[in-house]
Amino acid sequence: MEDDEQKNKVHKKTIWMLDPPTDRPVRVYADGIYDLFHFGHARSLEQAKKSFPNTYLLVGCCNDEVTHSLKGKTVMTDKERYESLRHCKWVDEVIPDAPWVMNQEFIDKHKIDYVAHDSLPYADASGAGNDVYEFVKSIGRFKETKRTEGISTSDIIMRIVKDYNNYVMRNLDRGYSRKDLGVSYVKEKRLRVNMSLRKLHEKVKKQQEKVEEKIHIVAKTAGMNHNLWVENADRLVAGFLEMFEEGCHKMGTAIRDRIQEQLKNKGNAGELTYEKDEEDEEDEEEYYYDYSTEEEVYSDGGEVEVEGAKQSS
């Protein structure tokens, strides 16, 4: 943390700026990938647009070929990313196929006065230098903006990955096929069974709450020993719920085993026919819903991994 602060202080001392033109709009350029365009992107562009009283904002966006080779795969295509930028009210002009690192030729071609970005060095994956913005900083054409904390494309993707099963089921319910989602036949069936059991379990819990509420009312109305009545009633309800959960777990296990048995015997009995994907061959782990923790559990026969129990910081 101290190293980052020291690096930032040193870097700020070396940044200098040319005086802006006064007889025309200042042409400010901002660039990026802008995948899954979000309010963090919009705020940085707003800052660039408001850098001067009269600003013309150009926004460069790298194409898929450059981005995938130097940063990684995007969710949106380059055409989709260009179109998202065109619908941002702060943007005056979008420059497709933007270069990863700017040079004087690019600056002269688009008549750029300043390049807007946060001041910390941005590692140059192309190998041309230590900082993508090293050149524009050196010629006094860099305009510093601030990052928006708490939001990024990577954060959004992590949220989706964390709740992967929920989003798969949501899209299956909306009409997408398992092939559209890259989900194997076995996993689809397991998800549907576990989702059904989860909904049933939630419904029973709601009913339990209603029953407990009525028990308290009856105990008061009857003038009985309230604590004794509630204690006995809670024990009965808890016992029922425990038996119900055990029954649900056994039913889910039986359904899962039945699916696997049909898959193994489909060649001989001809009871179940489907097109087998590569995912089916890889999808051999046990999967069930653990009602005691209300979490989804995967098991390969050895160590059990609880989904959501461990996350990277």
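Residue indices follow the written sequence of each chain, beginning from 1 at its first position. pLDDT decides what is reported in this predicted model: residues at 70 or higher carry local features, side-chain atom pairs at 80 or more are listed and counted, and totals for whole chains, interfaces and linings draw on all residues regardless. With hydrogens and water excluded, all non-hydrogen atoms of the structure serve as input to the side-chain values.

## Overview of the overall build of the protein
Here comes step 1: We count a stretch as a helix when DSSP gives it H or I for four or more residues in a row; a strand needs E for two or more, and each element gets its number in order from the N terminus. Looking only at helices and strands, the protein has 11 helices and eight strands in total.
Here comes step 2: Classification of the 313 residues of the protein by burial places 36% in the buried group.
Here comes step 3: Any pair of residues with heavy atoms lying within 4.5 Å of one another is described as a contacting pair. Nonlocal contacts in the protein, meaning residues at least 24 apart in sequence, comprise 68% of its contacts between residues at least 6 apart.
Here comes step 4: Within the structure as shown, the protein displays about 19900 Å² of accessible surface, and the carbon and sulfur contribution to it stands at 50%. The buried label applies to any residue whose accessible area, calculated with a 1.4 Å probe on protein chains only, is under 20% of its type's maximum; exposed applies above 50%, and partly exposed to all values in between. Under the convention used here, a 1.4 Å probe and the Shrake-Rupley method define accessible areas, while residue burial counts only the protein chains that appear.

## Focus: the sheet that holds strand β2 (residues 55-61)
Here comes step 1: A pair of strands is considered paired only if DSSP assigns at least 2 bridges between the two. Taken together, five strands build an open sheet; the order of strands is β3-β2-β1-β4-β5 and the sheet is parallel. Each of the sheet's edge strands pairs with one partner strand only, and the pair in question is β3 (93-95) and β5 (142-144). For this sheet, the mean inter-axis angle between neighbouring strands, taken without regard to orientation, is 30°.
Here comes step 2: Sheet topology places strand β4 (residues 114-117) next to β5; three bridges connect them, and they run parallel. Residue pairing for β5: Val115 is matched across the bridge by Phe142.
Here comes step 3: Axes here refer to lines fitted to C-alpha atoms; in helices the fit is confined to the stretch in contact. Angles between the N-to-C directions go from 0 to 180 degrees. Helix-sheet contacts for helix α2 (residues 39-49) involve β1 (26-32), β2 and β4, and the interaxial angle to β2 is about 140°.

## Overview of the side chain of Asp64
Here comes step 1: For Asp64, the position within the fold is in helix α3 (residues 64-70).
Here comes step 2: At a separation of 3.0 Å, a polar atom in the side chain of Asp64 contacts the main-chain amide nitrogen of Asp78. Whenever two N or O atoms come within 3.5 Å, that pair is a polar contact, provided that in protein one can donate a hydrogen and the other can accept it, and provided that, for residues adjacent in sequence, both atoms are side-chain atoms.

## Topic: the nonpolar core
Here comes step 1: Residues Val28, Tyr34, Leu45, Leu57, Val59, Leu85 and Val91 are the most contacted members of the largest nonpolar core, which totals 18 residues.
Here comes step 2: Elements with a contribution of two residues or more to this core: β1, α2, β2, α4 (78-86) and β4.
Here comes step 3: The residues contacting Val59, other than those within four sequence positions of it, are Tyr29, Ala30, Tyr34, Leu45, Leu85, Val91, Glu93, Val94 and Ile95. Each nonpolar core is a collection of buried residues, namely Ala, Val, Leu, Ile, Met, Phe, Trp, Tyr and Cys, held together in the definition by side-chain atoms within 4.5 Å.

## Things to note about helix α8 (residues 164-173)
Here comes step 1: Taken together, the buried positions of α8 are Asn165, Val168, Met169, Asn171 and Leu172. Seen from one end, α8 has its buried residues packed into an arc of 165°, which puts them on one side.
Here comes step 2: Gly175 occupies a position one or two residues after α8 and carries a positive phi of about 110°. This arc describes the spread of directions from the helix axis toward the C-beta atoms.

## Some thoughts on the pairing of β2
Here comes step 1: Counting buried positions along β2 yields six of seven residues, so the element is predominantly enclosed.
Here comes step 2: Where β1 meets β2, seven bridges bridge the pair, whose relative direction is parallel. Across the sheet, the residue bridging to Ala30 is Val59, located in β2.
Here comes step 3: Looking down the strands as they point away from you, a crossover is right-handed if its path from the first strand over the helix to the second goes clockwise. Handedness of the β1-α2-β2 crossover: right-handed.
Here comes step 4: Pairing analysis gives three bridges linking β2 to β3, with the strands arranged parallel. Looking at β3, one finds that Leu58 is bridged to Glu93.

## A few points about the packing of aromatic side chains
Here comes step 1: When the centres of two rings from Phe, Tyr and Trp lie within 6.5 Å, Trp using its six-membered ring, the rings pair. Their planes under 30 degrees apart give stacked, over 60 give edge-to-face, and anything left gives tilted. The tally for this structure, following the rule as stated, stands at four aromatic pairs.
Here comes step 2: Taking the centre distance of 5.3 Å and the plane angle of 70° together, the rings of Tyr29 and Phe106 count as edge-to-face. In this pair, Tyr29 sits in strand β1 while Phe106 sits in helix α5 (residues 104-109), placing the two residues 77 residues apart along the sequence. The same class applies to Tyr29 as to Phe106, namely buried.
Here comes step 3: For the pair Tyr133 and Phe142, a centre-to-centre distance of 6.0 Å together with 55° between the ring planes defines the contact as tilted. Of the two residues examined, Tyr133 and Phe142, each falls in the buried class.
Here comes step 4: In this analysis the charged atom, NZ for Lys or CZ for Arg, is taken to sit over a ring once it is within 6 Å of the ring centre and within 35 degrees of the ring normal. For Lys137, the ring lying beneath its charged end belongs to Phe142, and the centroid distance is 4.9 Å.
Here comes step 5: In this arrangement the basic side chain of Lys143 is found over the ring face of Phe52, its NZ or CZ atom lying 5.4 Å from the centre.

## Focus: a nonpolar patch on the surface
Here comes step 1: Residues with no salt bridge and a relative accessible area higher than 30% make up the patches, which join like charges within 9 Å and nonpolar side chains (Val, Leu, Ile, Met, Phe, Trp, Tyr) within 5 Å. Salt bridges are defined as contacts in which a side-chain nitrogen from Lys or Arg sits within 4 Å of a carboxyl oxygen from Asp or Glu. Where nonpolar side chains cluster on the molecular surface, the patch consists of Val75, Ile157, Met158 and Val161 and spans about 350 Å² of accessible area.
Here comes step 2: Position of Ile157 relative to the elements: it lies in helix α7 (residues 153-162).
Here comes step 3: Using a relative accessible area of 33% as the deciding quantity, one classes Ile157 as partly exposed.

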